[in-house]
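In case you want the letters, here they are:
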Amino acid sequence: MNAKNIDGLMRAMELEGSARIDIIRIGKDIQTAGHAHRSPSVQQYEELRRAVVHWQRIADDIGRIMGSG
């Protein structure tokens, strides 16, 4: 694995960690709404879906970087 791939991998892993934190934050917001006996909004579920798709793309990028090494 060359230096460019290592730099790309490190950046992708940072993004993956941030995306994971977003998923957890949104999930907690939805959970809090449920505990307050409020229905989570459609926007919250859509935000969660987008965050998961974003995380999946980053994970795919990490897989490609690792595979090219």
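That block above? That's the structure.
Note that the coordinates shown come from a computational prediction; the quantities given were computed from them, not determined experimentally. (Residues numbered from 1 in each chain as written. Predicted model: local features only at pLDDT ≥ 70, side-chain atom pairs only at ≥ 80, totals over all residues. Heavy atoms only, no water.)

Caption draft 1: Fine view of helix α1 (residues 3-35). With 33 residues, α1 extends 48 Å between its outermost C-alpha atoms, agreeing within 8% with the 48 Å of an ideal straight helix rising 1.5 Å per residue. Among all positions of α1, only Asn 5, Leu 9, Ala 12, Glu 16, Ala 19, Ile 26, Ile 30 and Ala 33 are buried. The inward-facing, buried residues of α1 abut α2 (42-68). Among the residues trailing α1, His 37 stands out with phi positive, at a value near 60 degrees. (Helix = DSSP H or I, 4+ residues; strand = E, 2+ residues; numbered from the N terminus. Expected span 1.5 Å × (residues − 1). Buried < 20%, exposed > 50% of the residue type's maximum accessible area, 1.4 Å probe, protein only. Contact = heavy atoms within 4.5 Å.)

Caption draft 2: Just α2, in detail. Between its first and last C-alpha, α2 extends 39 Å over 27 residues, near the 39 Å set by a 1.5 Å rise per residue. Turning to α2, its buried residues number three or more, namely Gln 44, Ala 51, Ile 58, Ile 62 and Ile 65. Packed against the buried residues of α2 are α1.

Caption draft 3: Molecular detail of the packing of α1 against α2. The interhelical angle for the contact between α1 and α2, taken along N-to-C directions, is 160 degrees, at an axis separation of 9 Å. As far as their axial angle goes, α2 and α1 are roughly antiparallel. Considering how the two elements wind past one another, α1 and α2 form a crossing that is left-handed. (Axes fitted to C-alpha atoms, helices over the stretch in contact; angles between N-to-C directions. Parallel < 35°, antiparallel > 145°, perpendicular 65-115°, else oblique. Left-handed = near helix turned anticlockwise from the far one by under 90°.)

Caption draft 4: Geometry of unusual backbone geometry. Of note in the backbone geometry, His 37 takes a positive phi value of approximately 60 degrees without being a glycine. Here His 37 shows up in the loop between α1 and α2. Note on His 37: relative accessible area 78%, which makes it exposed.

The values are spatial; any link to function lies outside them.
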